[in-house]
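In case you want the letters, here they are:
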Amino acid sequence: MSKMKSHAELLRSRVPGHSMPSELFSRQDVFENDVDVFFHKHWILVGVSADVPEPGDVCTVDIGKSSVIIVRDDDNEIRTFRNVCRHRGARIKEAGKATVGKLVCPYHQWTYELTGDLLHATQMGKDFDHKCKGLKSVHTKVVGGLIFICLANEAPADIAALEETMLPRLAPYQLDNTKIAYEAEIIENGNWKLVMENNRECYHCAGTHPELTTTFLAEDFGYCEEELNEEGQKSLADYRKKNADYQASWEKDGLICEPVEKLTPDVATLFRTQRLVMAGHGESQTPDTKVACTKLLGNGTRKDQGDTHLWTHSGWNHVMSDHAVVSYLIPLTPDKTLVRTKWLVHADAVEGVDYDVKNLTSVWMATNAQDAALVAINHSGTQDPGYEPGPYSRFSEQYVDGFVNWYTGRLEAHNI
């Protein structure tokens, strides 16, 4: 009987430019390493300001064995805490949202202020020091309305690069002045890395995403110029001109366009951002490519501001003139992944007047369902004895290869 390869040995066995060995998608020990390194020691997106719009609002998110409480305190500051009572460890809040005056443990009623300070604990004696038993805080960064946390004792400092890059890009949209028009969850039957790989390429889009492909320019997501016929060459020339024209117009209006990539293995906080030109009317990711919400985000008046996207290692976000789509994943088991999506509109927008929920959500509801089906067949196939890692397209899957290289490098950085 052959000895089982370690996580590191499996990574080293991958042929450069090829997909990963099947065991990296299925083994429990690999899954546990992944959760520990990528979801407990790196910055992850866990919500938006609109999850906790008012003081006293809380939102609880479970990540593996860990659970965090996101709370807006009485000073309007967003804080996050470990969802663990400092008495005997009971969970204080179930997953989901609530509004509270204080955070009260349901077991023995230890009571905490929204700042995390322990306020009340009976039968502990006069000499009991409340000050040293407050809730354990979690590293938190709110970047333009997006809530990032890191569960490690020491968080990677390079979150500063993401913050510096995204704050001016997100500022015009004022995502901290939005509300959640709709949110949805889907459990995909596949490993979290396959969910991310699927998101990092659009090689599959033409054949599987009819709703999504009406909203973007296909050339943005890869093409092989040597294979293009005369019609394809003309389309490429039109694409380049359209991009140049839009970028010149956006820059004139002070909208930042150029891509920023922090994707290499030496980077802890992986991200990519760019303002993309949209197809059709060029306004929004809707069936007719026009705005879904007539009340634009922030103080905007221009509808065709493109799609400012932000990738991280566990999520993807699209911000347009009228709404934002925020998606992130949480690994559940080696073969199950939760994908949570929120659609944000202006805080003052009125459903049925300024927007229709079905029109707002239809493109990404369809796309998420299609992606879930793709991830399921991909995961199932990687577990077939006939699976052999195949080559990535250097034209359309370079970001998949980059993600795998980053994944490998970060594990090595954490001595795995």
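Per-chain numbering applies: the sequence of each chain, read as written, is numbered from 1 onward. It should be noted that, the model being predicted, local features are given only for residues of pLDDT at least 70 and side-chain atom pairs only at 80 or more, the latter also being counted only at that level, while totals for whole chains, interfaces and linings use all residues. Hydrogens and water are ignored here; the side-chain numbers use all heavy atoms of the structure.

Peer 1: Help me out: how do you make sense of the sheet that holds strand S6 (residues 103-104) in this one?
Peer 2: Paired through their backbone hydrogen bonds, the strands of a sheet run either parallel or antiparallel. The strand order S6-S7-S8 describes an open sheet built from three strands, whose pairing is antiparallel. On the outer flanks of this sheet lie S6 and strand S8 (118-120), each paired with one strand and no other. Strand direction decides the pairing type here: strand S7 (residues 111-112) and S8, joined by two bridges, are antiparallel. Bridging across to S8, Thr111 finds its partner in His120. Two strands pair under a simple rule: DSSP has to find at least two bridges between them. Helix and strand definitions follow DSSP, with helices as H or I runs of at least four residues and strands as E runs of at least two, each counted in order from the N terminus.

Peer 1: How do you make sense of helix H3 (residues 28-39) when you look at a structure like this?
Peer 2: At 3.6 residues per turn, the α-helix brings residues three or four places apart onto the same side. A rise of 1.5 Å per residue sets the reference length of H3, with its 12 residues, at 16 Å; its end C-alpha atoms lie 16 Å apart and thus fit the reference within 8%. Every buried residue of H3 is listed here: Val30, Phe31, Asp34, Val35, Val37, Phe38 and Phe39. Working rule for helices: expected span equals 1.5 Å times residues minus one. Only protein chains enter the accessibility calculation, which uses a 1.4 Å probe; a residue whose area is less than 20% of its type maximum is buried, one above 50% is exposed, and one in between is partly exposed.

Peer 1: Where do I start with helix H9 (residues 357-382) in this structure?
Peer 2: Across its 26 residues, H9 extends 37 Å between first and last C-alpha, which sits within 8% of the 38 Å expected from 1.5 Å per residue. Roughly 35° is the biggest bend found in H9, and it falls at Val363. The term polar contact refers here to a pair of N or O atoms within 3.5 Å; inside protein, the definition further demands a hydrogen-donor-capable atom paired with an acceptor-capable atom, and it admits residues adjacent in sequence only when both atoms are side-chain atoms. Here H9 starts with a cap whose side-chain oxygen sits 3.3 Å from the backbone nitrogen of Lys358, and that cap is Asp356. Note that the bend at a residue is defined as the angle between axes fitted to the seven residues ending at it and the seven residues starting at it.

Peer 1: Looking at this model, I keep getting lost on the pairing of strand S4 (residues 78-82). Mind explaining?
Peer 2: Within a regular strand, the side chains alternate between the two sheet faces. Inspection of the sheet shows strand S3 (residues 66-72) paired to S4 by five bridges, in the antiparallel sense. Residue Ile69 lies in a different strand from S4, and its bridge partner there is Phe81. Counting the residues in the hairpin turn of S3 and S4 gives five residues, including Asn76, whose phi is positive at 75°.

Peer 1: In this structure, what is going on with the sheet that holds strand S1 (residues 44-48)? I would like to understand it.
Peer 2: Read from one edge of the open sheet, three strands run S1-S10-S9, paired in antiparallel fashion. At either margin of the open sheet sits one strand with a lone partner, and together these are S1 and strand S9 (139-143). For this sheet, the mean angle separating the axes of adjacent strands, direction not counted, is 30°. Note that S9 and strand S10 (residues 146-150) share five bridges and pair antiparallel. Residue pairing in the sheet places Val142 in a bridge with Ile147 of S10. Any pair of residues with heavy atoms lying within 4.5 Å of one another is described as a contacting pair. For helices, the fitted axis covers only the stretch in contact; all axes are lines through C-alpha atoms, and the angles between them, taken along N-to-C directions, range from 0 to 180 degrees. Sitting on the sheet, helix H4 (residues 159-170) is in contact with S9 and S10, with an inclination near 25° to S9.

Peer 1: It is not clear to me how unusual backbone geometry should be interpreted in this structure. Could you clarify?
Peer 2: Most peptide bonds take the trans form, and the phi angle of most residues other than glycine is negative. One non-glycine residue, Thr289, lies in the positive phi region at around 60°. Of note, Thr289 is situated in the loop between strand S13 (271-276) and strand S14 (307-312). The backbone of Asn415 sits at a positive phi, close to 60°, despite the residue not being glycine. Relative to the elements of secondary structure, Asn415 occurs in the segment after helix H10 (398-413). We classify Asn415 as exposed; its relative accessible area is 73%.

Peer 1: I would appreciate a short explanation of the state of the cysteines in the present structure.
Peer 2: Linking two cysteines covalently through their sulfur atoms gives a disulfide. When two cysteine sulfur atoms lie within 2.5 Å, the pair is treated as a disulfide. Counted under the stated rule, the structure contains one disulfide. The closest cysteine sulfur to the non-disulfide-bonded Cys85 is located on Cys105, 3.8 Å from its own sulfur. What makes Cys85 buried here is its relative accessible area of 4%. No disulfide involves Cys132; its sulfur sits 13 Å from the nearest other cysteine sulfur, which is in Cys85. Using a relative accessible area of 45% as the deciding quantity, one classes Cys132 as partly exposed.

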